[in-house]
Amino acid sequence: MSHDTLLLGQTLSFDGSPFDSGPAAATHRTHGGILIRDGRIVDTGDGATLRARNPQARIDDQGAALLCAGFIDAHAHYPQTAMIASWGKRLIDWLNTYTFPEEMRFEDPDYAAEIAARYLDLTASNGTTTICSYCTIHPTSVDALMGAAQARGQRLLAGKTCMDRNAPEGLRDTAQSAYDDSKSLIARWHGKDRLSYVITPRFSPTSTPGQLAALGTLWAEHPDLLMQTHLSEQTDEIAWVKALYPTARDYLDTYEMHGLLGAGGLYGHAIHLEPREKDRLAEVGAALVHCPTSNTFIGSGLFDMAGLVARGLRVGLATDTGGGSSFSMLRTMAAAYEIAQLRGTALHPSQLIWLATAGSAQALGIDRHVGTLAPGKEADIIALDLASTPAIAQRAARAEDLWEALFPTIMMGDDRAIKAVWIAGQAMPRS
Ligand code: GUN
Ligand code: ZN
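Keep in mind the model is a prediction, meaning the values are calculated, not measured. (Residues numbered from 1 in each chain as written. Chains lettered and ligands numbered in written order. Predicted model: local features only at pLDDT ≥ 70, side-chain atom pairs only at ≥ 80, totals over all residues. Heavy atoms only, no water.)

Draft legend 1. Quick look at the site of ligand 1. Near ligand 1 you find 13 residues, and of these His-77, Gln-80, Arg-202, Glu-233 and Asp-320 are the closest. A distance of 2.8 Å is found between an oxygen atom of ligand 1 and a side-chain nitrogen or oxygen belonging to Arg-202. Within the side chain of Glu-233, an N or O atom sits 2.7 Å from a nitrogen atom of ligand 1. Relative to its unbound accessible surface of 280 Å², ligand 1 loses 100% to contact with the protein. In terms of residue count, helix α3 (residues 91–104) provides more of the shell around ligand 1 than any other element does, three residues in total. Along the lines of polarity and charge, the residues of the shell around ligand 1 split into five nonpolar, five polar and three charged. (Near = heavy atom within 4 Å. Polar contact = N/O pair within 3.5 Å; in protein donor to acceptor, adjacent residues only side chain to side chain. Areas by Shrake-Rupley, 256 points an atom, 1.4 Å probe, with all protein chains shown as cover. Helix = DSSP H or I, 4+ residues; strand = E, 2+ residues; numbered from the N terminus. Nonpolar A, V, L, I, M, F, W, Y, C, P; charged D, E, K, R; others polar.)

Take a look at the structure:
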């Protein structure tokens, strides 16, 4: 009995970065095919040729839909699912008013499991197949999301958010318990199936220097792990960090002083960077994560995509749910386009879709597993309907090439554009 599946449709994949070589980094086939065996991509090419060569394969014909790698959301807070789109605040007020009270609820494992399942359903229906998420301070919030992703066979990166000050009673750990709990969660989850544990200090204002140092020690003991945190999102936040850490040279230094700067570091937002911070981040090979819908929604500022990529920094793309205002990576690409326009750069559709797939994979250090359709990669694939609404269809009908056909879906598309999703080669049920 054969386990092979041959997906047919238009196909789009990348051999390199369109930030280096422009749209030529992409390979597009109007009648392409992707052969899947045991959860992996084993061959790609012309659809008819693959079909003739693999008569045993089960055919799944997606017609004119565009098959590409599943979206990778490089920074999200799954516990903020139920309070997304909360009105009227900026970062610190928003955290205190909406975020912390909601995160408090994750002490209850049943609530954590309910939101974890809801979150993975919502993201999958938006074409997102891999997420790097913050949890809450509660180890059970990590168990809930890891367990739910494992049951779905999904690749996931996540960690217990650590905070031991400037957070309400009930939402604070200590330096020691953050170290101990993170350590036992690493043993429980890291490297199991497709799961990775990420060391997660929320940001410098909610950790004492002692807690940052404890997590720096933990990272030194587990140097293969990623470490995620927030950096220079809003100007008020930066002033607060400077007051809390008077001996630090800048915001980044509050992490560096405590062993929390390195190539496996993921620094979310990174909008208002000083020259030394940019130099240091580039020198150590750190990754930045751009969260454009969040940056406009909370009023944070305009990320310098062109300037930071030109320095050789890896940049991932992310929703930052629920500071971000959408679960959709299409909507996120649209916001990245708009922010770049406000900074005088027009990101090409090839750059936008690359950021949401291969670029995020590189930022997360998982590009050997996912992010393109290259043979050997795990078969996390989506089918995009490039005519999912009348408004999009009438514009796409005028398109003269793939990029013109795809751009209306990037700018105006939502979950209706996600025709099908495969995780490790398994078609996800439509909700
Ligand atoms: N900085 C610290 N915590 C958060 C958070 O939950 N969301 C955003 N957008 N910024 C943060
Ligand atoms: Zn965040």
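Let us keep going from here.
Draft legend 2. Representation of the sheet that holds strand β1 (residues 5–14) within the structure. Spatial ordering of the open sheet is given by β3-β2-β1-β4-β14-β15-β16, a layout of seven strands whose pairing is mixed. Unpaired on one side and paired on the other, β3 (40–46) and β16 (426–427) mark the two borders of the sheet. Pairing geometry for strand β4 (residues 58–69) and strand β14 (residues 381–384), over four bridges, is antiparallel. Across the sheet, Leu-67 pairs through a bridge with Ala-383, a residue of β14. Against the sheet, helix α16 (residues 402–412) engages β1, β2 (26–37), β4 and β14, with an angle of about 95 degrees to β1. (Pairing = 2+ DSSP bridges. Contact = heavy atoms within 4.5 Å. Axes fitted to C-alpha atoms, helices over the stretch in contact; angles between N-to-C directions.)

Draft legend 3. Broad picture of the nonpolar core. The biggest cluster of nonpolar side chains holds 103 residues, and the ones touching the most others in it are Phe-71, Tyr-78, Tyr-267, Leu-281 and Leu-384. In this structure Tyr-78 touches Phe-106, Ala-112, Ile-115, Ala-116, Tyr-119, Ser-133, Tyr-134, Cys-135, Ser-141, Ala-144 and Leu-145, once residues within four positions along its chain are discounted. Cys-132, Val-289, Ala-361 and Val-370 belong to the second largest nonpolar core, which has 16 residues in total. (Core = buried A, V, L, I, M, F, W, Y, C linked by side-chain atoms within 4.5 Å. Buried < 20%, exposed > 50% of the residue type's maximum accessible area, 1.4 Å probe, protein only.)

Draft legend 4. Seen up close, the layout of surface pockets. What the largest pocket holds in volume is close to 240 Å³. Forming the walls of the largest pocket are 17 residues, and the residues nearest its centre are His-190, Ser-196, Gly-365, Ile-366 and Arg-368. Among the residues making up the lining of the largest pocket, the classes are represented as seven nonpolar, five polar and five charged. For the second largest pocket, the lining is made up of 14 residues, of which His-3, Thr-5, Arg-58, Gly-425 and Gln-426 are closest to its centre. Looking at the lining of the second largest pocket, the elements that each hand over two or more residues are β4 and β16. (1 Å grid on protein atoms, 1.4 Å probe; cavity = no way out; pocket = protein on both sides within 12 Å on 5 of 7 lines; lining within 4 Å. Points joined across faces, edges and corners; volume = space filled by probe spheres on them.)

Draft legend 5. Inspection of the packing of helix α13 (residues 329–342) against helix α14 (residues 349–363) at higher detail. Packing of α13 against α14 leaves a shortest axis separation of 10 Å and a crossing angle of 130 degrees. As summarised for this structure, α13 and α14 are arranged oblique, according to the angle between their axes. As for how α13 packs across α14, the hand of that crossing is right-handed. The residues of α14 that touch α13, namely those facing Met-329, Met-333, Ala-336 and Tyr-337, are Leu-352, Ile-353 and Ala-356. (Parallel < 35°, antiparallel > 145°, perpendicular 65-115°, else oblique. Left-handed = near helix turned anticlockwise from the far one by under 90°.)

Draft legend 6. Representation of the coordination of the zinc ion (ligand 2). Coordination sphere of the zinc ion (ligand 2), protein contribution only: His-75 (NE2), His-77 (NE2), His-230 (NE2) and Asp-320 (OD), at 2.0 to 2.5 Å. Between the four donor atoms coordinating the zinc ion (ligand 2), the angles at the centre fall across 89 to 161 degrees, so the site counts as irregular. Counting gaps between the donor residues of the zinc ion (ligand 2) yields the pattern H-x1-H-x152-H-x89-D. Of this pair, His-230 sits in strand β10 (residues 226–231) while Asp-320 sits in the loop between β13 (314–317) and α13, and the two are 90 residues apart along the sequence. On the basis of relative accessibility, which here comes to 5%, the residue His-230 falls in the buried class. (Donors = N, O, S within 2.8 Å, 3.2 Å for Na, K, Ca; no water. Tetrahedral: all angles 85-135°; square planar, octahedral: opposite > 155°, others 65-115°.)

Draft legend 7. The arrangement of the environment of Ile-418 in detail. Looking at the element boundaries, Ile-418 is found in strand β15 (residues 418–423). Linking Ile-418 and Gly-376, residues 42 residues apart in sequence, is a C-alpha distance of 24 Å. Discounting chain neighbours no more than four positions away, the residues touching Ile-418 are Phe-71, Ala-124, Ser-125, Asn-126, Gly-127, Leu-330, Ala-383, Leu-384 and Arg-430.

Draft legend 8. How the structure looks around the side chain of Ser-125. Tracing the sequence through the fold places Ser-125 in helix α4 (residues 109–125). At a separation of 3.0 Å, a polar atom in the side chain of Ser-125 contacts the main-chain carbonyl oxygen of Leu-122.

Draft legend 9. Just the packing of α13 against α16, in detail. Contact geometry of α13 with α16 gives a least axis separation of 6 Å together with a crossing angle of 95 degrees. Regarding the angle of α13 to α16, the classification is roughly perpendicular. For the pair α13 and α16, contact is made by Leu-330, Met-333, Ala-334, Tyr-337 and Glu-338 and by Phe-407, Thr-409, Ile-410 and Met-411, respectively. Split into classes, the residues belonging to the contact of α13 with α16 amount to seven nonpolar, one polar and one charged.

Draft legend 10. Structural view of α13. End to end, α13 covers 20 Å across 14 residues, agreeing with the expected 20 Å (1.5 Å per residue, within 8%). Taken across its 14 residues, α13 has ten buried, putting it largely inside the fold. With a side-chain oxygen positioned 3.1 Å from the backbone nitrogen of Leu-330, the residue opening α13 is Ser-328. After α13 finishes, the residue Gly-344 shows a positive phi value of roughly 90 degrees. (Expected span 1.5 Å × (residues − 1).)

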